[in-house]
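Topology and contacts: notes
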Amino acid sequence: MSSADHTPREPRLGTPRLVLRPWRPSESPVLRELWSERDPRVPPHRRIGDDGSPTVEQLAQSILSHPPTSLGLLAVELAENGEVIGYCGLADGARPGPGEPELAFELLRRHWDRGYATEASHAVLGWARSSGLRRLWATVWDWNSASRRVLAKLGFAETGERELDASGGTSLLLVRQL
């Protein structure tokens, strides 16, 4: 048996326009750009700090220290040219229950309004379904109308549960059966 036989299978998803796959450390500048573009209403711990962190090097180290698994935020790249434009995937969350991960996505602003978030998320929903998951959840800021539209297109429904964050506003909880 070769050593490749012992390597966990890395998730790789595709659509006509996109490839979703694990991040490479060399792509940490894209992650840094995502962090720098975030709306100022996003809580400070999710934006570039006054000390400049996370740095490109810190993000590259994070990629190296988190090997691909059945959960994870996959790099979203354009199939036509390989440009990485953001992420989409499943994050292990604390709610609503074990075995119900959260769908998460974020794209560079220059790639908004092209349907990529919806397309990537559909691929992740298929991946989740084929992995035996029965329900996913998502959280979204009440002021983030673009992400709320994407989640509605995907069939997520608001639960009525809300969390107030002093710096970010109100976060909504949505769920979707698979």
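Some remarks on the overall build of the protein
Helices and strands together make up the secondary structure of the protein, namely four helices and eight strands. Secondary structure of the protein in N-to-C order comes out as β-β-α-α-β-β-β-α-β-α-β-β. Across the 178 residues that make up the protein, the buried fraction comes to 44%. For the protein, the share of sequence-separated contacts (at least 6 apart) that also reach a separation of at least 24 residues comes to 63%. Roughly 9900 Å² of accessible area belongs to the protein as shown, and the carbon and sulfur atoms make up 51% of that amount.

Regarding the pattern of salt bridges
Overall, the coordinates contain ten salt bridges when judged by the stated rule. The salt bridge involving arginine 41 is made with aspartate 39; its shortest N-O contact spans 2.9 Å. Classification of arginine 41 by relative accessible area gives partly exposed; the value is 38%. Exposure remark for aspartate 39: the relative accessible area of 18% places this residue in the buried category. Through salt bridges that share partners, Arg21, Arg24, Glu27 and Glu77 make up one connected network.

Notes on the packing of aromatic side chains
Throughout the structure, instances matching the rule amount to one aromatic pair. Between tryptophan 141 and tryptophan 143, the aromatic rings sit 6.1 Å apart at their centres with planes inclined by 5°, giving stacked as the arrangement. By relative accessible area, which is 18% here, tryptophan 141 ends up buried. Take tryptophan 143: its relative accessible area is 21%, and that puts it in the partly exposed class. One Lys or Arg, arginine 46, reaches over the ring of tryptophan 35 and ends 6.0 Å from the middle of that ring.

Comments concerning the environment of alanine 123
Take alanine 123: it is sitting in helix 3 (residues 116-130). For alanine 123, a relative accessible area of 15% gives the class buried. In this structure, the C-alpha to C-alpha distance between alanine 123 and arginine 12, residues 111 residues apart in sequence, is 9.9 Å. When near neighbours in sequence (up to four residues on either side) are disregarded, alanine 123 contacts Leu13 and Thr15.

Points about unusual backbone geometry
Between serine 53 and proline 54 the backbone carries a cis peptide bond, its omega angle lying at 5°. With respect to the helices, strands and loops of the structure, proline 54 is situated in the loop between helix 1 (28-37) and helix 2 (56-65). Notably, aspartate 113 is not glycine yet its phi reads approximately 65°, a positive angle. Among the secondary structure elements, aspartate 113 is positioned in the loop between strand 5 (102-107) and helix 3.

Things to note about the pairing of strand 2 (residues 18-21)
Judged by which residues are buried, strand 2 turns out to be covered on both faces: Leu18 and Leu20 on one side and Val19 and Arg21 on the other are all buried. Bridging between strand 1 (residues 13-14) and strand 2 involves two bridges; their strand directions are antiparallel. Looking at strand 2, one finds that leucine 13 is bridged to leucine 20. Hairpin connection from strand 1 to strand 2: three residues lie between these consecutive antiparallel strands. Here four bridges tie strand 2 to strand 3 (residues 72-78), and the two strands are oriented antiparallel to one another.

Each value, and the rule that gives it
- Residues numbered from 1 in each chain as written.
- Predicted model: local features only at pLDDT ≥ 70, side-chain atom pairs only at ≥ 80, totals over all residues.
- Heavy atoms only, no water.
- Helix = DSSP H or I, 4+ residues; strand = E, 2+ residues; numbered from the N terminus.
- Buried < 20%, exposed > 50% of the residue type's maximum accessible area, 1.4 Å probe, protein only.
- Contact = heavy atoms within 4.5 Å.
- Areas by Shrake-Rupley, 256 points an atom, 1.4 Å probe, with all protein chains shown as cover.
- Salt bridge = Lys/Arg side-chain N within 4 Å of Asp/Glu carboxyl O.
- Phe/Tyr/Trp six-rings, centres within 6.5 Å; stacked < 30°, edge-to-face > 60°.
- Lys NZ or Arg CZ within 6 Å of the ring centre and 35° of its normal.
- Pairing = 2+ DSSP bridges.

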